[in-house]
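Structural characterization, general
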Amino acid sequence: VETVDACGPGERDRTTPARRSPTPADSWVTVAVASTTQGSLFTLFDNSGRVVKHQGLQAGSNQVDVSRLVAGAYLWQLAGADRSTARGQLIIAH
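Being a predicted model, the structure only gives us computed values, none of them experimental. (Residues numbered from 1 in each chain as written. Predicted model: local features only at pLDDT ≥ 70, side-chain atom pairs only at ≥ 80, totals over all residues. Heavy atoms only, no water.)

**Quick look at the overall build of the chain**
When you go through the chain residue by residue, the secondary structure sums to 0 helices and 8 strands. The buried share among the 94 residues of the chain stands at 33%. Sequence separation of at least 24 residues holds for 55% of the intrachain contacts in the chain that already meet a minimum separation of 6. Here the chain has roughly 5,300 Å² of accessible surface; of this, 50% comes from carbon and sulfur atoms. (Helix = DSSP H or I, 4+ residues; strand = E, 2+ residues; numbered from the N terminus. Buried < 20%, exposed > 50% of the residue type's maximum accessible area, 1.4 Å probe, protein only. Contact = heavy atoms within 4.5 Å. Areas by Shrake-Rupley, 256 points an atom, 1.4 Å probe, with all protein chains shown as cover.)

Right under this line is the structure:
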């Protein structure tokens, strides 16, 4: 299980708005969204930049199914309703 812990400004570290562990992911990604980023959109991109998964999120813990994606490296983006953005890399290994 992959965990992406995204928080709003001042809730953790202003320079690192999102954290994840452990890696690699298998079937699910758990995305924890702080209350200040409610209404966020989680998007996964493949290496060519194509959107392969997107899901709207609410405050708290959210499950994103990645079991149907091909094993490999992906880029993720978490865009908040307040226009905040966090990005990172996700490795999927089945």
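Once the structure has been displayed, the description carries forward.
**As for the pattern of salt bridges**
A full pass over the atoms with the stated rule returns 1 salt bridge. Ionic pairing is found between Arg 50 and Asp 46, a salt bridge with its closest N-O pair at 3.0 Å. Note on Arg 50: relative accessible area 52%, which makes it exposed. Overall, the relative accessible area of 13% leaves Asp 46 in the buried class. (Salt bridge = Lys/Arg side-chain N within 4 Å of Asp/Glu carboxyl O.)

**Some words on the nonpolar core**
Val 29, Phe 42 and Leu 44 are the most contacted members of the largest nonpolar core, which totals 16 residues. Mapped onto this core, the elements with two or more residues apiece are β3 (28-33), β4 (40-45), β7 (72-79) and β8 (85-92). Among all residues touching Leu 44, those that are not within four sequence positions of it are Arg 50, Val 51, Val 52, Lys 53, Val 66, Leu 69, Tyr 74, Leu 75, Trp 76 and Leu 90. (Core = buried A, V, L, I, M, F, W, Y, C linked by side-chain atoms within 4.5 Å.)

**Thoughts on the confidence of the model for the chain**
Across the chain, pLDDT averages 77, with 71% of residues at or above 70. Per-residue pLDDT stays below 50 along residues 6-17; that stretch engages in 21 contacts with residues further than four places along the chain or on separate chains. (pLDDT = per-residue confidence, 0-100.)

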